[in-house]
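A closer look at the structure
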Amino acid sequence: MAHLLQEGEETIFSELKDSGYYVWMNARNDFIAAQEEGALERHASEIFYGGNVPKAKGPIDGERGPGSADFRAMYGGELGLDAQGKNYSGDDEDLDAAITMIRNKPKDQPLCLFLGMCYPHPPYQVEEPYFSVIDRAKMKKRISADAACGKADILEAIRKNQQLQGYTEEAWTELRAVYLGMVAKVDEQFGRLCDALKEAGEYDRSAIFFFSDHGDFTGDYGIAEKAQNTFEDCLTNVPFLIKPPKGYEADPGVSDSLVELVDFYATAMDMAEVAPCHTQYGKTLRDVLKDRTVEVREYVTCEGGRNKDEMHCDEFHAGGPKGTSPFSPYYARHFSQTDADAHAKGFMIRTKRHKLVFRVNGKDECYDLVRDPEELHNVISDSGYDAVIRDLERKFRMWLMQTADIVPYRYDKRFSEKMVWARVKLLVPPEYEEEIRERIRAGENMFLLIQECQRRFGSSRETDQ
């Protein structure tokens, strides 16, 4: 969140824009360093910043104060409605702007539209009819912290700082139901977006991708919100939906193949028929879209946290003078991250059956996801899993080697024009100087140019001298 893409670094948006797409996005993207003037605009043809409507009504029971358990759990509850019976949020404003763009897209350019929504996200709060749409009696039981052993230190640090040990099971159930109510609102908003595409005659020929950056504990392991260096499935295993263009060979339905977020990039670029400008490690999902039984990846990876000497990574949050206020509901997690041991850099490798987590310090973890789908029992020290762990370590080393470098496809000039001229100027007669300088400016290979100058001018220049 504090170290973003810099000037000159490409994204799918800049690549599609450079290939002729009209790129529209809302401003909630969290990927470009804002101190670079005009950097965000480099990646989009049009950016919708919003902020043109009054702030939506807050919880009907009022804001929870910092001393309350609901505040520490980031629970807001039911939101109020305006005179039109709505709770018109920033997400709603962005959605309406996206629909307007769809209805008025450029006639002479294909459209790439990115809509980044805030929901579902703490604080856990939503208005009717979404607030009551989830049947509390049918809620899945949360994963208990008491039953877990050998978990990451950061989880205990967050639990200690959130102080939710006395939060009742009824309260957790309500919080989780409200979170799912927020998801229900996103479902409805997504339906409106698809309807707009259909009304504009664009739905059939559009590729649509629906995904999220991460999940949420919502009470699992006794924690609200998330952590950034722990890799439970409730955080890392998120839905990814694809609707390919009409005519694209497809086997509709659900696939349990493992995929990574970088596969979105590879698939979208494939469908757009645009070549990436650098090496990348995503895999196009064309084959699994064609046949749901295809396995895209044998394993997936994830990473997070920081090294001990990277304290500046957390100064933005809780450790620095401009960090998170103690009166913010995010303070508990952010303060936990200032503990270098708890917030140690970690890597995860996961197959369908097993998950292995490495950390630069602190606990490593291994889980058997068939026997222990809730990831409660860390078997890193169980000799019965030695062969599994060695195999995952081998796969992890291979992944590190295969993905260690990003190589751009553009060649850099090794020698400047002045450097090349300095190598040939004593060979070139005055009457040929402008010709050779022009060829240098055009980027001809220096070594081949030197050889040619030696053949053409070498003997005559030596005679002159």
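Here's a quick rundown of the structure. Just so you know, these numbers come straight off a predicted model, no measurement behind them.

On to the sheet that holds strand E9 (residues 346-350). In any sheet, the strands associate via hydrogen bonds between backbone groups, in a parallel or an antiparallel arrangement. Pairing is antiparallel across the open sheet formed by four strands, whose spatial order is E8-E9-E10-E11. The sheet is open, and its two edges are formed by strand E8 (300-304) and strand E11 (365-368), each paired on a single side. Between one strand axis and the next, the sheet turns by 10° as a mean value, whatever way the strands run. For strand E10 (residues 354-359) and E11, the ladder comprises four bridges, and the chain directions are antiparallel. Bridged to Val357 within E11 is Glu365.

Counting residues in each nonpolar core, the largest one holds 23 residues, and the members touching the most others are Ile12, Phe13, Leu16, Tyr21, Val23 and Met25. For this core, the secondary-structure elements that each account for two or more residues are helix H1 (12-18), strand E1 (22-26) and helix H7 (262-272). Counting residues per element, this core draws most heavily on H7, at six residues. Residues in contact with Leu16, not counting those within four places in the same chain, are Tyr21, Val23, Cys112, Met269, Ala272 and Val274. Listed in part, the 20 residues of the second largest apolar core include Met74, Tyr124, Tyr179 and Met182.

Moving on: the side chain of Glu365. Its place among the elements puts Glu365 in strand E11. Take Glu365: its relative accessible area is 2%, and that puts it in the buried class. Polar side-chain contacts of Glu365 include one of 2.6 Å to the side chain of Arg359. Excluding residues that lie within four positions of it along the chain, Glu365 makes contacts with Gly150, Lys151, Ala152, Glu232, Lys355, Leu356, Val357, Arg359, Asn378 and Ile380.

One water molecule sets the probe size; rolling that probe over the atoms shows where empty space is left. This model, assessed by the stated rule, comprises one cavity of 30 Å³ or more. As a volume, the largest cavity reaches approximately 40 Å³. Lining the largest cavity are Lys151, Thr230, Phe231, Glu232, Lys355, Val357, Arg359, Glu365, Tyr367 and Glu375. When residues of the lining of the largest cavity are traced back to their parent elements, those giving at least two are E10 and E11. In terms of residues, the lining of the largest cavity owes the most to one element, E10, which gives three residues. Partitioning the lining of the largest cavity into residue classes produces three nonpolar, one polar and six charged.

Summarising the element assignment, Asp91 is placed in helix H3 (residues 90-103). Although Asp91 is buried, it forms no salt bridge, and the closest oppositely charged side chain is Arg28 at an N-O distance of 6.0 Å. When sequence neighbours within four positions are dropped, the list of residues in contact with Asp91 reads Met117, Cys118, Tyr119 and Gln189.

Orientation of H3 relative to helix H5 (residues 169-199), taken along the N-to-C sense of each, is 15°, at an axis distance of 9 Å. Our classification of the angle between H3 and H5 gives roughly parallel. Of the two elements, H3 crosses H5, and the hand of that crossing is right-handed. Counted together, Asp91, Asp92, Leu95, Asp96, Ala98, Ile99, Ile102 and Arg103 of H3 and Lys185, Gln189, Arg192, Leu193, Ala196, Leu197 and Glu199 of H5 form the full contact between these two elements.

With respect to topology, three strands assemble into an open sheet ordered E2-E1-E4, the strand pairing being parallel. The open sheet has two edge strands, strand E2 (46-48) and strand E4 (111-114), and neither has a second partner. With direction set aside, neighbouring strand axes in the sheet form an average angle of 15°. Of the pairings in the sheet, the one linking E1 to E4 comprises four bridges and is parallel in character. Its bridge partner being in E4, Trp24 is matched across the sheet by Leu113.

A separate point is unusual backbone geometry. Glycine aside, residues mostly have negative phi, and peptide bonds are mostly found in the trans state. The step from Pro122 to Pro123 runs through a cis peptide bond, and the omega angle for that step is 0°. In this structure, the amide linkage connecting Glu128 to the following residue, Pro129, adopts the cis form with an omega of 10°. Assignment of secondary structure puts Pro129 in the loop between strand E5 (124-126) and helix H4 (153-162). If you check the backbone angles, Gln163 has positive phi at about 55° while not being a glycine. Position of Gln163 relative to the elements: it lies in the loop between H4 and H5. Taking the relative accessible area as the measure of exposure, Gln163 reaches 47% and is therefore partly exposed. Located in the positive-phi region is Glu375, a residue other than glycine, with phi close to 55°. Mapped onto the elements of the fold, Glu375 is located in the loop between E11 and helix H11 (386-402).

Definitions and limits used
Residues numbered from 1 in each chain as written. Predicted model: local features only at pLDDT ≥ 70, side-chain atom pairs only at ≥ 80, totals over all residues. Heavy atoms only, no water. Pairing = 2+ DSSP bridges. Helix = DSSP H or I, 4+ residues; strand = E, 2+ residues; numbered from the N terminus. Axes fitted to C-alpha atoms, helices over the stretch in contact; angles between N-to-C directions. Core = buried A, V, L, I, M, F, W, Y, C linked by side-chain atoms within 4.5 Å. Buried < 20%, exposed > 50% of the residue type's maximum accessible area, 1.4 Å probe, protein only. Contact = heavy atoms within 4.5 Å. Polar contact = N/O pair within 3.5 Å; in protein donor to acceptor, adjacent residues only side chain to side chain. 1 Å grid on protein atoms, 1.4 Å probe; cavity = no way out; pocket = protein on both sides within 12 Å on 5 of 7 lines; lining within 4 Å. Points joined across faces, edges and corners; volume = space filled by probe spheres on them. Nonpolar A, V, L, I, M, F, W, Y, C, P; charged D, E, K, R; others polar. Lys, Arg positive; Asp, Glu negative; His and termini not counted. Salt bridge = Lys/Arg side-chain N within 4 Å of Asp/Glu carboxyl O. Parallel < 35°, antiparallel > 145°, perpendicular 65-115°, else oblique. Left-handed = near helix turned anticlockwise from the far one by under 90°.

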